[in-house]
Amino acid sequence: MAALVRPGVDVSQLCKDGDQLLAVGELGRAASLYMSAFRTHAASTVAHLRKLNSGLSGVIATLEGWLDSCGENQPAEGLNKGLAAVFLSTLCPNNLSATIFKMESLLQSGGHGCEEIFARCTALLEGKRHPHPQDATHMVLEVTRALACLFSEPHSVKGLKLYLKAYRTNKSQTATLVSSRQAQHLPKIVKAFKDQLLLIHPSLIFDSECARTTEEAEKLDVETSATIIGFLLAISPGSAEVQELHAAYLFLSGRFWDSAQVYSAILHGRYCQKTPASLTDKSFEDTPERTARLLTCRAAARLSAGGRTAEACGDLGEAFEIHAATARIYFQKRFTDHGTGLVARKQLRQQAERGLSAYRERVLIRPDLRSTEGVELLDPVITQLQTLCYLEPDGGGRELRVRLAECLLLRGEHKEALSICSQLAAAEGQPSYQNTVQVLRGYARLLSDDAEGALEDFQAVIVHNTPHPSSCVRALCGRGLLRMMAGLNYLTALDFVTASMLQAQETALSVRCLVPWNYRGLLFTVLLEQGRVMLEGTGGHESKSGSSEDSEKPQKKDKDRSGTPAGVQSLAALLMELQPGADGSQILAADALYQLGRVEEAYRLLLSVGPTGPRAPILARLALLQLNRGFLYDTNQQLKKLIQCGNTSCLRPLLAVAQQKDLALLQGHCHAAAKRSLEGSPQEGDVREAVAYLSIAIIASGGEAAESLLERARCYARLGQRKTAIFDFSAILKVHPKHVQALCGRGFTYLMLNQEKECTRDILAALQINIDMVTKDILSLKDTARKLVCDWLHQFCRANLSDILLANSVPCHEEQLSNAFIIGGALMGTDCRDPRWHLLHVDTLIAKGEIKEAGAHLFQVFGQEPRDAVAQARVGVVEAWQQNYGSAARRLSKLTDKDSSSLLFLLALIPIDQRKRVAQAAAQEASSVSSGGQWDHALTFLNVAVQAAGNHRLQYLRQRAACLAQLGLHERAIADLDRVVQKHSAPDRSCPGDCQVWAEDLCRRGRSMVLCSRESAALEDFSRALELHRTQAIQCVEAGLGRVRVAECFLRGALQHYGEQQRDKAWTMIEFGLAVDNENTELRRLRSRVKREVASPCNVN
């Protein structure tokens, strides 16, 4: 051996340090220093160690321990086992540990010298005569020799036998040595044993690459299979490949349950993480093919073990779903070749049927109609059916594919279902399941937005000569859904009624499964509404049904069957099945049973409705049913509960359903109960209860019970709900316009609302029908109300009579005065002591022209010489008719101060000619009394003259203005003169008389204006009068205020205009003032000043 020399390192020092460590017993560190020295200078180190008297054996033992160890005992950093083996061989030639290490190193480097290594191991083993089974060195030589033999003779089983021999000798130590010292060669070892197993058991072949057999190949005995499996599991427990071999062997051995557990462990990935990367084969990667293979094999194990049929079918379905080709191959190996293929198919079919049944059961117990709960149960069913189709040679029979299409459709995979159904429908010469295929294709088309194609399929099934019952029911539901989407709600209900009468449960299942979830709520509502329409027989469907040509014949057929209460009851049962908690369907069912005469069943059904349902509709029906059965006490109890609910409007839908005789009974019963509540002195609670009973009676009569409406209106009036009372009174009058009590009731209610016009209108209408009854009702009112009604009637009659007199001349026709006679008679009937009513009657007689009757009645009531002025005025009107104008004027003049408005009315009662004569007589009387200075008395006569004269009263207005001026009532005088002045037209200079009169009127008004401190307006009148007729104006001024005072007024006006720089107006005032009083010095001085200022060009103020 050549000396190893590393310059720069002191070998002797390393050896000394090693000696010191050896002396204290630290063999490992000492051996490391010796190895470092050996690496620096081998000869010096070896020579030093051989000189040691003791301790060399410890160093050799430490080196052997390093070589024999497998990782837990290693040399120091920078040193390796190869150097230790050389060092050990140098110190101790033919050392067994060094020799074994060298042989293992040669095998790891590529298997060079395998024959020599095999021979050397054999020689070393033979040198040990009686080796102990637990001798580690012996076992190392055994496995090393086996590996060398495997490498030297790869196609021989000799090396495998040597492994098995060593394994049988000491299983644990052999497995440990192989997995630790030969870890690099484990894949080759495992592959060799696997190939032998496949030769022994060809059915264990995983794939086609492993399927190679040679007749001349040497094979191990069959009995060694268990030992091989055990050996492989011992040396590579985490290998998925070995585990799969183990599972397959267990299956072949009949240990099916253990085999299934091993397959489950592989599928769950328990060995993948433990397997070293060097042992992983590409064929055993987690691929779809491998997963399908493992699932199929596990399914075979589970099915063979028994009791795990569902899991086995699930594994098969999953395997075919992942990789159908691989699953089909291994199904042949594990099932068909073992005679369990038919059993597996049968189990798959049974599991699919169970799954479909479970789905249907889940669907029928869904709490919510729109829920899709339970569709996940179809996933394994679809998988199992698809597996069966894969296993069939022609892709599955027609029945199997129909079932698969149905499940796909139920799951929501309508496109796949449509593809399958289209293929099945296109197949010629196969008429089986034709109706089912068409129905399924119809629903698939509907979900694919092909409504026209779906309708064709549904129609084809319905009109088929011998339709399949379930398919026909589904087709009816589908067509009904399409009709609902098109707005044909009544036809929708007809289809579902027909379907429910054929097969109720199948119809419910079709709605829950095949109708899209977002249409189910609307469908339920439509069916409920149309069921009510059918039951009530409103006939509102005719316009819609006539628009669908293809449904005319089915409609005629359904009218005899579906539109009857029996059909509605079937529909209601369907709705109760679809939504058990819905109260509308239960009420509809009860109504249908009632119409069918099954009163007891309807009563029990209503009693079964939970407390959360609407109580009012149920209580109303219970009351009607109990009344029909003759249980009056129960009827009263139900009605009281209904009244406590406070919702009697629920009775309206009952009108179209209940029989007329039952409604009549209910109306009479409730009206009598209301009457009982109002007996005596009812309190507010009693009145409200009576209102509730009357409301039920009115609803039961269809709103036509006039007596009940009248009583309820009166009750509302008592409760202060006057507008509601008016509504009830109006409802009566709408049907019976001449109902006196309703007219009076509404009129008196308007009275409480202080609505005079409406009250008067209704009372008058009632008076026109029956005056005695209305008078009696008016007398029944309280004093305040009676007085107010009479006052309103009197005011209305006065206004009406005034309007008649304004539009017509007296005497008037009798028909024009009919209302006045009626009201007057009624008022006198209510209180004959009130003089107003008698005066109204007298006025009406006068307006009619019946003067004698008017005078007789007047004298009868007020005497020959009435003291009251208004009565005397009527006497004056009568005297005017009798051409006694002076006396008439005197009597009428007494009214002017008290009621001037009545004077106009009374004068209107006198014909026009007589009225003029009365005006003349009044004017004469005024002149007569005024000459004696009785200006107050003269004013009353002049008032009569002015009112009676009409358009010819200018003379009387001047006369009254003069009288007013004498009395100092200048404002009223100005008002009369205003009216006189307004009558004058533009002045005509050719007619000095008109100008003279006009100037006089202006001067008179100017005088009153000055006295009323309205000087500016008065100056305008004086100025205008001077312009019209100066002479007459000056005479009037002299007769009135005098020249001096009027001139002073003009002076003040001129000064005002002058101060405002209005010289033109000031000049005009000055001129008029000087015209009145030429001697007024102030006016002259002011005129001179104005003249100078106008003449001067530079006038500066």
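The structure presented is a predicted model; accordingly, all values stated were derived computationally and were not measured.

Draft legend 1. Representation of helix 50 (residues 912-930) in the model. Look at helix 50: 27 Å from first C-alpha to last across 19 residues, which is about the 27 Å you get at 1.5 Å a residue. Listed in full, the buried residues belonging to helix 50 are Gln914, Val918, Ala919, Ala921, Ala922, Ala923, Ala926, Val929 and Ser930. In this structure, the buried residues of helix 50 make contact with helix 47 (869-881), helix 48 (885-893), helix 51 (935-949) and helix 52 (954-966).

Draft legend 2. Here's a closer look at the nonpolar core. The biggest cluster of nonpolar side chains holds 234 residues, and the ones touching the most others in it are Ile846 and Leu892. For this core, the element with the most residues is helix 37 (residues 684-700), which contributes 11 residues. Non-local contacts of Ile846, meaning those with residues more than four positions away in its chain, are made with Ile851, Ala854, Val877, Val878, Trp881 and Leu909. Formed by 41 residues, the second largest nonpolar core is a distinct cluster that contains Ile117, Ala146, Ala148 and Ile228.

Draft legend 3. Region of the structure containing the pattern of salt bridges. Scanning all chains against the criterion turns up 46 salt bridges. Notably, a salt bridge pairs Glu925 with Arg890, separated by 3.4 Å at the nearest N-O pair. On the criterion of sequence distance, the pair formed by Glu925 in helix 50 and Arg890 in helix 48 is long-range, its members being 35 residues apart. Residue class for Glu925 comes out partly exposed when judged on its relative accessible area of 23%. With relative accessibility at 39%, the residue Arg890 sits in the partly exposed group. Between Arg958 and Asp1001 there is a salt bridge whose closest N-O contact spans 2.9 Å. A residue pair is termed long-range when its members are at least 10 positions apart, and Arg958 in helix 52 and Asp1001 in helix 54 (residues 992-1011) qualify at 43 residues.

Draft legend 4. Expanded view of the packing of aromatic side chains. Enumeration over the complete set of coordinates arrives at 2 aromatic pairs. Considering the side-chain rings of Tyr443 and Phe458, the 5.0 Å spacing of their centres and the 65° angle between planes classify their relative orientation as edge-to-face. Residue Tyr443 is located in helix 22 (residues 434-447), and its partner Phe458 is located in helix 23 (residues 451-462); the two are separated by 15 residues in the primary sequence. Where Phe1050 meets Phe1072, the ring centres are 6.2 Å apart and the plane angle is 40°; that geometry is what we call tilted. Pair noted here: Phe1050 is in helix 57 (residues 1043-1059) and Phe1072 is in helix 58 (residues 1063-1076), with a separation of 22 residues, a long-range link.

Draft legend 5. How the structure looks around the confidence of the model for the protein. Summarising the model, the protein shows a mean pLDDT of 80, and 85% of its residues fall at 70 or more. Here residues 129-134 scores under 50 on pLDDT; set against residues more than four positions off or in separate chains, the count is 8 contacts. Considering only residues more than four positions removed or in separate chains, one finds that residues 272-283, a stretch of pLDDT under 50, has 12 contacts.

Draft legend 6. Local environment of the packing of helix 10 (residues 171-181) against helix 12 (residues 225-235). At a minimum axis separation of 8 Å, helix 10 and helix 12 run at an interaxial angle of 55°. As summarised for this structure, helix 10 and helix 12 are arranged oblique, according to the angle between their axes. Here the hand of the crossing between helix 10 and helix 12 comes out right-handed. Here Thr174, Ala175, Val178 and Ser179 of helix 10 come into contact with helix 12, specifically with Phe231, Ala234 and Ile235. Of the residues that constitute the contact of helix 10 with helix 12, the class distribution is 5 nonpolar, 2 polar and no charged.

Draft legend 7. Quick peek at the packing of helix 40 (residues 740-752) against helix 42 (residues 771-779). The N-to-C vectors of helix 40 and helix 42 enclose an angle of 35°; their axes lie 10 Å apart at closest approach. Between helix 40 and helix 42 lies a crossing of right-handed hand. Residue-level inspection shows Val740, Gln741, Cys744 and Phe748 of helix 40 in contact with helix 42, the latter providing Met773, Val774, Asp777 and Ile778. Residue classes in the contact of helix 40 with helix 42 are distributed as 6 nonpolar, 1 polar and 1 charged.

About the cut-offs
Per chain, residues are indexed from 1 in the order of the written sequence. Where totals are concerned, whole chains, interfaces and linings use all residues; where local detail is concerned, this predicted model gives features only for residues with pLDDT of at least 70, and gives and counts side-chain atom pairs only at 80 or more. Hydrogens and waters are ignored; side-chain quantities use all the structure's heavy atoms. Per the convention used, a helix needs a DSSP run of H or I reaching at least four residues, while a strand needs a run of E reaching at least two, with both numbered from the N terminus. Multiply 1.5 Å by the residue count of a helix minus one, and that product is the helix's expected span. Using a 1.4 Å probe on the protein chains alone, a residue whose accessible area is under 20% of its type maximum counts as buried, one over 50% counts as exposed, and one in between counts as partly exposed. Contact definition: two residues touch when any of their heavy atoms are within 4.5 Å. Buried residues of nine kinds, namely Ala, Val, Leu, Ile, Met, Phe, Trp, Tyr and Cys, make up a nonpolar core once their side-chain atoms join them within 4.5 Å. Any carboxyl oxygen of Asp or Glu that lies within 4 Å of a side-chain nitrogen of Lys or Arg is treated as forming a salt bridge with it. What counts as a ring pair is set by centres within 6.5 Å for rings of Phe, Tyr and Trp (its six-membered ring), and what kind of pair is set by the plane angle: stacked under 30 degrees, edge-to-face over 60, tilted for all other angles. What pLDDT reports is the predictor's confidence in each residue, on a scale of 0 through 100. Fitted lines through C-alpha atoms serve as axes, helices being fitted only where they are in contact, and the angles separating the N-to-C directions of these axes extend from 0 to 180 degrees. Small angles under 35 degrees read as roughly parallel and large ones over 145 as roughly antiparallel, with 65 to 115 read as roughly perpendicular and the rest as oblique. For any helix crossing, the convention is left-handed if the near helix is rotated counterclockwise from the far helix by under a right angle, and right-handed if that rotation is clockwise. Charged means Asp, Glu, Lys or Arg here, nonpolar means Ala, Val, Leu, Ile, Met, Phe, Trp, Tyr, Cys or Pro, and polar covers whatever is left, Gly included.

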